[in-house]
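Understanding the architecture of this molecule
Chain by chain, the residues:
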Amino acid sequence: MSHQKDHITKRKVEMTKFNFNNKRFAVIQNSDNGQVNTETIFKYKQEDNLVTADYFGGTIKYGKIIADLKEDKLHMLYQCLTVDNELKAGKALAKITLSESGKIKLSLDWEWLTNGNDKGRSEYIEIE
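Below you will find a few notes about this structure. Quantities reported herein were computed from a predicted structural model and do not represent experimental measurements. (Residues numbered from 1 in each chain as written. Predicted model: local features only at pLDDT ≥ 70, side-chain atom pairs only at ≥ 80, totals over all residues. Heavy atoms only, no water.)

Some details on the pairing of strand E6 (residues 87–98)
Pairing analysis gives nine bridges linking strand E5 (residues 73–82) to E6, with the strands arranged antiparallel. For Cys80, the partnering residue across the bridge sits in E6 and is Lys88. Once E5 ends, the chain turns through four residues before running back antiparallel as E6, passing Asn85 with a positive phi of about 60°. Looking at chain direction, E6 and strand E7 (residues 104–112) are connected through nine bridges and run antiparallel. Directly across from Thr97, in E7, lies its bridge partner Lys105. Counted along the chain from E6 to the antiparallel partner E7, the turn is five residues long, and its residue Gly102 has a positive phi close to 85°. (Pairing = 2+ DSSP bridges. Helix = DSSP H or I, 4+ residues; strand = E, 2+ residues; numbered from the N terminus.)

Here's what the structure looks like:
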């Protein structure tokens, strides 16, 4: 009986370990073939394991992320329309960590699904 209770408690802690709801993020660094820059702002929402974000600014007219939160990773699909009216889509695996100040940090391994399947890495930090 107590083993089952421990498992439920552990699962609940795991589910609430990271909270993306109403958090904003900005890029720290991105590969040269990436589309977003330091002017791009990401606004996240979360409901259980479903994490979504709208993003815009810099080279992005509008973008959308849909992600599945599993433990310390976000499995993402994203799409955007650039300021040059280029429609792009991609996928990414984001590793979630916390900075020394307790802010969420995302390290993405990403890949475009359009425009030649370029791959890259980028890092984002939670901002106020």
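So that's the structure; there's more coming.
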